Amino acid sequence: MKNMENKKVKITVQTTVNATIENVWKIWTTPNDILHWNTASDDWHTTKAENDLKIGGKFSYRMEAKDGSFGFDFEGIYDTVKTNELIAYTMADGRKSIITFKQHGNKINISQTFEAETENTIELQKKGWQAIMNNFKKYTENF
């Protein structure tokens, strides 16, 4: 078991987006939009996104290397959904994540805290999840 010390370690990533809360929420939760921004690097992409945004609803995103060498399903069940404010979910492996959306003037701060997994280092996980957050910001501001 590599990096067992990661168990229950919480990582936070965040960004501030210049957009309305309605657009931020829509783009964060709409499967067609998720396909465009949900990637940690240019050599990966999300090929399928399903999202049943309600308490007890399931989400599933298929993430794959563009060269076809590797892929995985990122899945979970929603624990809390407060439109334009908060999303909390439990991932398929039991880890928890919470995302908050806070309006500050004409900008929206998005903060996501998640429990680290044990296969990759804390630094690698933070870098990957932050890259996805940065892609969300870029996509949303150019929408």
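As a convention, each chain's residues are numbered from 1 in the sequence order in which they are written. Given that this is a predicted model, residues contribute local features only at a pLDDT of at least 70 and side-chain atom pairs are listed and counted only at 80 or more, while totals for whole chains, interfaces and linings are drawn from all residues. As a rule here, side-chain values cover all heavy atoms of the structure and leave hydrogens and water aside.

**Student:** Talk me through the pairing of strand 7 (residues 107–115); I want residue IDs and the actual numbers.
**Tutor:** Looking down a regular strand, the side chains alternate between one sheet face and the other. Most of strand 7 is tucked away, with 7 of its 9 residues classed as buried. In this description, strands pair whenever DSSP reports at least two bridges between them. Only DSSP runs of H or I covering at least 4 residues are called helices, and only runs of E covering at least 2 are called strands; the numbering of each starts at the N terminus. Note: strand 1 (residues 10–17) against strand 7, 8 bridges, orientation antiparallel. Across the sheet, threonine 15 pairs through a bridge with isoleucine 110, a residue of strand 7. Across 8 bridges, the pairing between strand 6 (residues 96–104) and strand 7 is antiparallel. Whether a residue is buried, partly exposed or exposed follows from its accessible area with a 1.4 Å probe, protein chains only, as a fraction of its type maximum: under 20%, in between, or over 50%, in that order.

**Student:** Give me the side chain of glutamine 112: which residues, what numbers.
**Tutor:** Tracing the backbone shows glutamine 112 in strand 7. Judged by relative accessible area, which is 6%, glutamine 112 ranks as buried. One polar contact links glutamine 112 to tyrosine 89, side chain to side chain, over a distance of 3.0 Å. Residue contacts for glutamine 112: discarding those within four places in its chain leaves Ile11, Thr12, Val13, Trp28, Tyr89, Ser97, Ile98, Ile99, Trp129 and Met133. Any pair of N or O atoms that falls within 3.5 Å is considered a polar contact. Within protein, one atom must be able to donate a hydrogen and the other to accept it, and sequence-neighbouring residues count only if both atoms are side-chain atoms. Contact between two residues is taken to exist if any of their heavy atoms lie within 4.5 Å; hydrogens are not considered.

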